[in-house]
Amino acid sequence: MEVSHYVDGTESRAIGKTDELDRARASRTQDLIEANFARSISLGEMASAAGISRFQFLRSFKRTTGETPYQYVLRRRI
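Below, the structure is looked at part by part. Only a predicted model underlies this, so the values are computations on that prediction, with no experimental measurement involved. (Residues numbered from 1 in each chain as written. Predicted model: local features only at pLDDT ≥ 70, side-chain atom pairs only at ≥ 80, totals over all residues. Heavy atoms only, no water.)

**Description of the pattern of salt bridges**
Charged atoms that come close allow side chains of opposite charge to pair.
So, step 1. Scanning the entire structure with this criterion turns up 4 salt bridges.
So, step 2. Linking D22 and R25 is a salt bridge whose minimum nitrogen-to-oxygen distance equals 3.3 Å.
So, step 3. Its salt-bridge partner being R39, residue E45 comes within 2.6 Å of it at the nearest N-O pair.
So, step 4. The class of E45 is partly exposed, set by a relative accessible area of 29%.
So, step 5. Take R39: its relative accessible area is 36%, and that puts it in the partly exposed class. (Salt bridge = Lys/Arg side-chain N within 4 Å of Asp/Glu carboxyl O. Buried < 20%, exposed > 50% of the residue type's maximum accessible area, 1.4 Å probe, protein only.)

Structure (structure tokens):
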């Protein structure tokens, strides 16, 4: 299930229930995490980088990576 809608004049795709984070959203999130290892990154910041809501981001991130954003950040720091 995929739905298109417009946000700030640009087309974006809403994530369906069975979809994972698309490559662009995952890349933006990964760039944010990599650039901010030294500080705590909020779920809201990560969701904003991906361009979706916090709850949608949390579900999609776990579906894509198999771990929560918090677990992912901890693992990347090690």
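Resuming the write-up.
**Considering the packing of aromatic side chains**
So, step 1. Tallying each qualifying case throughout the model produces 2 aromatic pairs.
So, step 2. Judged by centre distance (5.4 Å) and plane angle (45°), the ring pair of F57 and F61 falls under tilted. Taken together, the residues F57 and F61, both in helix 3 (residues 54-65) and 4 residues apart, mark about one turn of the helix. Assigned by exposure class, F57 and F61 land together as buried.
So, step 3. Ring centres of F61 and Y72 lie 5.4 Å apart, and the angle between their planes is 80°; this geometry places the pair in the edge-to-face category. With F61 in helix 3 and Y72 in helix 4 (residues 69-77), this residue pair connects regions lying 11 residues apart in the sequence. Neither residue differs from the other here; F61 and Y72 are each classed as buried.
So, step 4. Taken together, the ring pairs in this structure connect F57, F61 and Y72 into an aromatic cluster. (Phe/Tyr/Trp six-rings, centres within 6.5 Å; stacked < 30°, edge-to-face > 60°. Helix = DSSP H or I, 4+ residues; strand = E, 2+ residues; numbered from the N terminus.)

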